[in-house]
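A closer look at the structure
Here is how the chains run, residue by residue.
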Amino acid sequence: MTLLEQFACLLDGIRPVDRSLVPVIQAHLDDLTKPQGSLGRLEEIAMSYALATGSPVPVLDKKKICCFAADHGVAAEGVSAFPAEVTPQMVYNMVQGGAAINVLSKHAGADLDVVDVGVNHDFPDMPGLIRKKVGYGSSNISSGPAMSETETLQAVLCGAELAVDAHKSGYHLLGTGEMGIANTTPATALFSVLLGVSPETITGKGTGIDDSRLEHKKKIVRKAIEVNASRCSTPFGTLAALGGYEIAAISGFVLGAASCRLPVVVDGFISSSGAVAAMKICPSVIDYIFFSHLSNEQGHRAVMQQLGARPILDLDLRLGEGTGAALAMQVIAGAVKLYNEMATFSSARISEKETV
C-alpha cells in the first residue's frame with residue numbers, strides 16, 4: 001500500500017466508544033461500597049478507561065511511554081534558551097537512564113522507549129532507543145513548511161505503528177512524551193491555527209526565555225502562520241506546514257492507539273499539539289485520550305478550555321519528556337483498581353443509603 005492508503009486505512013479503523021456500556025459501568029460504580037460519586041473524578045476516569053477499552057471489566061497491567069525526539073529548523077531563530085545540540089544530548093541522557101522521565105516512568109511501572117524520529121544526529125544502536133528517523137530536523141517554519149506531506153505521513157505512520165505494536169505486545173495504557181529544542185514554537189503555531197486562538201494569548205517562555213526574546217518568539221509564530229497560510233486549509237496540511245517530526249509522530253501514536261482501543265495519556269503542551277492535530281484529523285480519537293496535566297507553559301490552560309478538557313493533574317510542570325503522563329498513569333491505575341477491586345454493596349451485604 002502507498003503511504004496515503006496506509007493513512008486512510010488507519011483512520012478507517014477508528015471508531016467512537018460504545019456508549020451502550022455506560023449504564024453497565026455506572027451501575028457497578030454506584031454499587032461500590034461508598035456513597036455514590038464520593039470518589040469524584042476517579043469515578044469519571046474509571047468510566048472513561050472502561051469505555052475506551054470496550055469492556056465493563058477493564059484490565060490495566062502493562063504500561064508504556066514513547067518519548068519522540070526531533071530537531072526543529074526554527075531553533076535558528078533564537079526562540080529557545082538552549083541550543084539545538086541539547087536535543088541529541090538529552091536523548092543520550094534518556095537512553096542512559098538519567099532524565100526525569102526515566103525516574104518517573106520507572107516509578108509508574110511503565111516501560112519507556114525513546115524514539116528518534118527526526119534528530120539532527122546519527123545515533124548508534126542502543127538499548128531503549130528506537131531509530132525511526134524521517135529527517136534530520138524539520139525546516140524553519142518561519143520561512144516555509146516544516147515538512148513535506150510525504151515526510152509528515154511517514155512520521156504519522158511511524159507513531160501509529162509503534163502504538164499498534166504496543167497493542168500486539170499486550171500493553172493496556174500508553175503515554176506520550178517528546179524531546180526537541182524549540183518545539184514550543186511549532187506547537188504554539190499549530191494550536192493557533194487548529195483552534196483559532198491568538199498567538200499573543202498562547203505563546204509562552206518554553207525553556208525559560210526572557211521577556212524580550214518572548215516578544216521575538218511571538219513574531220516568529222505569527223510569521224510562520226502567515227508564510228504557511230495557504231498550506232493550512234486542512235488539519236493534515238497544517239500539521240505538515242507548522243509541526244515537526246515528533247509532533248507528527250505523536251499524532252500518529254494517538255491515532256494508532258485509538259485504532260486499537262488503547263487509552264493514551266497525553267503529556268503537556270507539545271504532546272497536546274500532536275493530540276489536537278489527531279483530534280482534528282479524526283474527532284473520534286478524543287474518546288481514547290487522557291490529558292495528563294495542565295502545563296505551566298502559557299497558553300495550555302486556554303487550549304484545554306477551548307477543548308473542554310480537564311487535565312488530571314495541575315503541578316506547574318513544563319518539562320515535557322512524558323513526565324506528566326507518567327504521573328497521571330498512576331492516578332488512572334488507581335481509579336481502575338478501585339473499580340475492579342472494591343467490594344460492592346450487593347456482595348458485601350452493607351446497607352446502602354436510606355431513602356425517604
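Residues numbered from 1 in each chain as written. Predicted model: local features only at pLDDT ≥ 70, side-chain atom pairs only at ≥ 80, totals over all residues. Heavy atoms only, no water.

Taking an unreviewed UniProt entry as the reference, the chain is identified by name as Nicotinate-nucleotide--dimethylbenzimidazole phosphoribosyltransferase belonging to Chlorobium limicola. You can read under Function (unreviewed entry) in the UniProt record for the chain the words "Catalyzes the synthesis of alpha-ribazole-5'-phosphate from nicotinate mononucleotide (NAMN) and 5,6-dimethylbenzimidazole (DMB)." One UniProt comment on the chain, placed under Catalytic activity (unreviewed entry), says "5,6-dimethylbenzimidazole + nicotinate beta-D-ribonucleotide = alpha-ribazole 5'-phosphate + nicotinate + H(+)". (UniProt positions renumbered as here; feature names shortened; annotations may be inferred.)

Turning next to empty space enclosed by the protein. Within this structure, the stated rule accounts for 1 cavity of 30 Å³ or more. Mapped by element, the contributors of at least two residues to the lining of the largest cavity are α3 (41–53) and α14 (323–341). Of all the elements, α14 adds the most residues to the lining of the largest cavity, at 3 residues. A per-class count over the lining of the largest cavity returns 7 nonpolar, no polar and 2 charged. (1 Å grid on protein atoms, 1.4 Å probe; cavity = no way out; pocket = protein on both sides within 12 Å on 5 of 7 lines; lining within 4 Å. Points joined across faces, edges and corners; volume = space filled by probe spheres on them. Helix = DSSP H or I, 4+ residues; strand = E, 2+ residues; numbered from the N terminus. Nonpolar A, V, L, I, M, F, W, Y, C, P; charged D, E, K, R; others polar.)

Moving on to the domain arrangement of the chain. According to the domain assignment, the chain contains domain 1 (3–58 + 340–347) and domain 2 (63–333). The centre of domain 1, based on its C-alpha atoms, is set 26 Å off from the matching centre of domain 2. Counting residues at the interface gives 23 residues for domain 1 and 27 residues for domain 2. When domain 1 packs against domain 2, the two sides together hide about 2100 Å² of surface, and 70% of this comes from carbon and sulfur. Sorting the residues of domain 1 by area buried against domain 2 places Ile14, Arg41 and Tyr49 first, and these three jointly supply 27% of that buried surface. If you look at where domain 1 meets domain 2, you find 2 salt bridges. We note a salt bridge from arginine 310 to glutamate 44, for which the minimum N-O separation is 3.9 Å. Counting residues per element, the ones that place at least two in the side of domain 1 that touches domain 2 are α1 (3–12) and α3. Among the elements that take part in the side of domain 1 that touches domain 2, α3 stands out by supplying 9 residues, more than any other. Of the residues assigned to the side of domain 1 that touches domain 2, the class counts are 13 nonpolar, 5 polar and 5 charged. (Domains from an automatic or database assignment. Contact = heavy atoms within 4.5 Å. Buried area = accessible area lost by both parts, 1.4 Å probe. Salt bridge = Lys/Arg side-chain N within 4 Å of Asp/Glu carboxyl O.)

On to unusual backbone geometry. A positive phi is found at alanine 182, a non-glycine position, where the angle reads about 80°. Inspection of the secondary structure puts alanine 182 in the loop between β4 (173–179) and α7 (184–195). Unlike most non-glycine residues, glutamate 321 shows phi in positive territory, near 70°.

Now for the sheet that holds strand β5 (residues 264–266). Within the open sheet, the 6 strands sit side by side as β3-β2-β1-β4-β5-β6. Their pairing is parallel. The open sheet terminates on both sides in strands that have one partner only, identified here as β3 (129–131) and β6 (289–291). Pairwise comparison of adjacent strand axes, ignoring direction, gives a mean angle of 25° for this sheet. Sheet topology places β5 next to β6; 3 bridges connect them, and they run parallel. Across the sheet, valine 265 pairs through a bridge with phenylalanine 290, a residue of β6. Where helix α11 (residues 245–259) meets the sheet, its contacts fall on β1 (63–70), β2 (110–118), β4, β5 and β6, and the angle it forms with β4 comes to roughly 175°. (Pairing = 2+ DSSP bridges. Axes fitted to C-alpha atoms, helices over the stretch in contact; angles between N-to-C directions.)

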